[in-house]
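Tertiary structure, described
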Amino acid sequence: SQELEQSPQSLIVQEGKNLTINCTSSKTLYGLYWYKQKYGEGLIFLMMLQKGGEEKSHEKITAKLDEKKQQSSLHITASQPSHAGIYLCGADIGNSNYQLIWGAGTKLIIKP
Amino acid sequence: EPEVTQTPSHQVTQMGQEVILRCVPISNHLYFYWYRQILGQKVEFLVSFYNNEISEKSEIFDDQFSVERPDGSNFTLKIRSTKLEDSAMYFCASVGEAVGVYNEQFFGPGTRLTVL
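Residues numbered from 1 in each chain as written. Chains lettered and ligands numbered in written order. Predicted model: local features only at pLDDT ≥ 70, side-chain atom pairs only at ≥ 80, totals over all residues. Heavy atoms only, no water.

All names here are of chain B. Where burial is concerned, most of strand β5 (residues 43-50) is hidden: 6 out of the 8 residues are buried. Note that strand β4 (residues 31-37) and β5 share 7 bridges and pair antiparallel. By the bridge assignment, Trp34 is partnered in β5 with Val47. Two successive antiparallel strands, β4 and β5, enclose a turn made up of 5 residues, where Gly40 displays a positive phi of approximately 85 degrees. When β5 meets strand β6 (residues 53-57), the two strands line up antiparallel, connected through 4 bridges. The residue of β6 that forms the bridge with Ser48 is Glu56. (Buried < 20%, exposed > 50% of the residue type's maximum accessible area, 1.4 Å probe, protein only. Helix = DSSP H or I, 4+ residues; strand = E, 2+ residues; numbered from the N terminus. Pairing = 2+ DSSP bridges.)

Laid out in structure tokens, this is it:
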């Protein structure tokens, strides 16, 4: 089956601490998308990583793609209350029509 | 910067009614998609559309659903007779097909459908 596993399912982090969320595929990753979402709202695009061990950063968020492990990690440095939300990964695993498969999401809570 | 737009942002309807969700994909894109996300659940693929026809559909996309690209710019999802379980956020997306580069998928802001 085409699966994308996200871990952890939820995370409570003290404000100011670092954290990492992982997204692991059972298939080869050609592209990996990270989105943030507030409960019941739309998708906020964070980053897209292409095959090839890419790493991108935006403000305090860094995402990496590890082709060998078929995994992407999202790292937040010095977390802030504004980082709270649900983080979703979507993957292009080479489906003929380019459609993405999705992880179940990681719910991030930041404690003041 | 070009973007995918969707209307309306929120649609409330009575069970059994027909709804049409509208999307304007990025203008030079060739692949179009609908995904849905039931509240608290995963985003799920519904259908892909290429060259004026459905190229792939999921098990969710049954006879109650249809898609159309009526005028070369809009891309619509119709639900013929809505059920309570159709309540979800519906996302439209599009992809170009440039040669030699990775073709990134762009998502719209979503339409929240509430079926009462």
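Turning our attention to the packing of aromatic side chains. For the structure on display, the rule yields 14 aromatic pairs over all chains. Ring centres of Trp102 of chain A and Tyr35 of chain B lie 6.2 Å apart, and the angle between their planes is 80 degrees; on these two criteria the pair is classed as edge-to-face. Here Trp102 of chain A, found in strand β10 (residues 101-102), pairs with Tyr35 of chain B, found in strand β4, and the two come from separate chains. Take Tyr35 of chain B: its relative accessible area is 0%, and that puts it in the buried class. Look at Trp102 of chain A and Phe107 of chain B: their rings are 5.5 Å apart centre to centre, the planes differ by 80 degrees, and that puts the pair in the edge-to-face class. (Phe/Tyr/Trp six-rings, centres within 6.5 Å; stacked < 30°, edge-to-face > 60°.)

What follows covers the state of the cysteines. Residues and elements named next belong to chain A. Considering all chains together, one arrives at 2 disulfides over all chains under this definition. Disulfide partner of Cys23: Cys89, at an S-S distance of 2.0 Å. Taking the sign of the S-S torsion, 80 degrees for the link of Cys23 and Cys89, the bridge is right-handed. Taken together, the residues Cys23 in strand β3 (residues 19-25) and Cys89 in strand β9 (residues 85-92) connect sequence positions 66 residues apart. (Disulfide = S-S within 2.5 Å.)

Residue and element names in this part refer to chain B. Of the two faces of strand β7 (residues 65-68), the one lined by Phe65 and Val67 is fully buried and the one lined by Ser66 and Glu68 carries no buried residue. In terms of strand pairing, β7 meets strand β8 (residues 75-79) through 4 bridges, oriented antiparallel. Counterpart to Phe65 in the pairing with β8 is Ile79. Taken together, β7 and the strand that follows it, β8, pair antiparallel across an intervening segment of 6 residues, in which Gly72 is found at a positive phi of about 85 degrees.

Cis geometry marks the peptide bond from Ser7 of chain A to Pro8 of chain A, where omega comes out at -10 degrees. The topology assignment puts Pro8 of chain A in the loop between β1 (4-7) and β2 (10-14). Here the residue pair Thr7 of chain B and Pro8 of chain B is connected by a cis peptide bond, since its omega of -10 degrees sits within 30 degrees of zero. Following the sequence through the fold, Pro8 of chain B ends up in the loop between β1 (5-7) and β2 (10-13). Of note in this structure, Tyr98 of chain A is not a glycine but carries a positive phi near 65 degrees. Position of Tyr98 of chain A among the secondary structure elements: in the loop between β9 and β10.

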